[in-house]
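Below are the chains, spelled out letter by letter.
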Amino acid sequence: MTEPFELSIRATGPGTEGGRLPLAEVARLAEGLQGTMERLALSISGREQALGRRPVDVVEAVRLDVVGFGKGSVVLRVRRDGLSLLDGLLEAAYAALIDGVHSLRTNPGAVPAGFTTQIIEGLSSLVGGIGTSITAIEFRRGEFTDFVLNAGLRSSLREARRHTTSEEVSLAGRLHMADFAPAALRCRIDTYAGSVPCDFDEDLRSSVLENMDELVLVRGLAELRPDNRTITVLRLEDIKRIPGVQGKGLDELRAEQGIEPLASADELAGEPVADFDAFLELLRTAR
């Protein structure tokens, strides 16, 4: 039997004081790591990431289980015991993750070998919560630190995404429906052509909050559907309020259009309709 594969994930920053960590952030770490391992395993095994569920044998080969949670600089311990269906794939995926992170640090903007768009996007989501509350996430095996996720790596991933995402876009619209939970960080921009779902990093949280329900100009990297026109998600990089655009109140609109309050409900009746009974009879015969 092979030796157990065990990782210690250590989060540091003001948000971990007292040995605490928001449950939403724990979920982000666990989901982000597991999803990245699965995507790397697919890439290593020569399979393409398609829509729908990932192959069961690959998912099982890199599955990790939570086995402990420690205080201090909050530590989450995950492990995999025993043999997998695809022996060695878990070790290979983790080694590729280490190499990819180091490559991103030394060559910002360059996409590491074997890293697909989905891998880059998954890592970007994993580091999206790094900011004022959590400043770094450290991954260790035994006594050695394999790599650290921090603001520097987030910047490198942002540059790498420019080479994997279909298009960088700017659009104007009204900012609505923001979710500020650490594991979410999403919002919506309503434009004349429709609504665009967006997500953002921790460093844009205050800007999004300040501009809620305002008309804004945003810039970011768009993940597109196969038609290369429909945006599935816009990953915000910059947001600015459009100055001098203010909505009018009801009283102002009423005065402009010459609308007066109703004196009686009878005013809603409108003008008589000629041959209305004949119209009703025609509807009944058409059933």
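Residues numbered from 1 in each chain as written. Predicted model: local features only at pLDDT ≥ 70, side-chain atom pairs only at ≥ 80, totals over all residues. Heavy atoms only, no water.

1. Looking at unusual backbone geometry
At Met177, a position not held by glycine, the phi torsion is positive, near 55°. Tracing the chain through its elements places Met177 in strand β6 (residues 167-179). Residue Met177 is classed as exposed on the basis of its relative accessible area of 60%. Unlike most non-glycine residues, Asp213 shows phi in positive territory, near 65°. In this fold, Asp213 is placed in the loop between α6 (205-210) and β9 (215-224). (Helix = DSSP H or I, 4+ residues; strand = E, 2+ residues; numbered from the N terminus. Buried < 20%, exposed > 50% of the residue type's maximum accessible area, 1.4 Å probe, protein only.)

2. Brief notes about the nonpolar core
Counting residues in hydrophobic clusters, the biggest one holds 41 residues, and the most contacted among them are Leu33, Tyr94, Leu97 and Leu149. The greatest single-element share of this core, amounting to 8 residues, is contributed by helix α3 (residues 89-106). Residues contacting Leu33, with those up to four places away along its chain left out, are Leu7, Ile9, Leu64, Val78, Leu97, Leu126 and Phe139. In this structure, Leu175, Cys187, Leu234 and Leu236 belong to the second largest nonpolar core, which totals 18 residues. (Core = buried A, V, L, I, M, F, W, Y, C linked by side-chain atoms within 4.5 Å. Contact = heavy atoms within 4.5 Å.)

3. Remarks on the pattern of salt bridges
For the structure shown, the criterion picks out 15 salt bridges. Here Asp203 makes a salt bridge to Arg154, at a shortest N to O gap of 3.4 Å. Taken as a pair, Asp203 in the loop between β8 (194-199) and α6 and Arg154 in helix α5 (residues 151-164) lie far apart in primary sequence, 49 residues in all. Under the relative-accessibility criterion, Asp203 is labelled partly exposed at 40%. (Salt bridge = Lys/Arg side-chain N within 4 Å of Asp/Glu carboxyl O.)

4. Considerations on the side chain of Asp146
Inspection of the secondary structure assignment puts Asp146 in strand β5 (residues 144-150). The side chain of Asp146 sits in the buried core without any salt bridge; Arg141 is the nearest counter-charge, 5.3 Å away. Ignoring sequence-local partners within four residues, the contact set of Asp146 consists of Leu7, Tyr94, Ile98, His102, Phe139, Arg140 and Arg141. (Lys, Arg positive; Asp, Glu negative; His and termini not counted.)

5. Some thoughts on the packing of aromatic side chains
The description of an aromatic ring pair rests on the distance of the ring centres and on the angle between the ring planes. One pass over the full model with this rule turns up 3 aromatic pairs. Ring plane angle 80° and centroid distance 5.4 Å describe the contact between Phe5 and Tyr94, whose orientation is recorded as edge-to-face. In this pair, Phe5 sits in strand β1 (residues 5-12) while Tyr94 sits in helix α3, placing the two residues 89 residues apart along the sequence. Across the pair, exposure class does not vary: Phe5 and Tyr94 are buried alike. Pairing Phe139 with Phe147 gives two aromatic rings, centres 4.6 Å apart and planes at 15°, and the pair type is stacked. Across the pair, exposure class does not vary: Phe139 and Phe147 are buried alike. Taken together, Phe5, Tyr94, Phe139 and Phe147 form an aromatic cluster joined through their ring pairs. (Phe/Tyr/Trp six-rings, centres within 6.5 Å; stacked < 30°, edge-to-face > 60°.)

6. Remarks on the side chain of Glu237
Mapped onto the secondary structure, Glu237 falls in strand β10 (residues 231-241). Residue Glu237 is classed as buried on the basis of its relative accessible area, which comes to 13%. With residues up to four places along the chain from it excluded, the contact list for Glu237 reads Arg158, Arg162, Glu168, Leu204, Arg219, Gly220 and Leu221.

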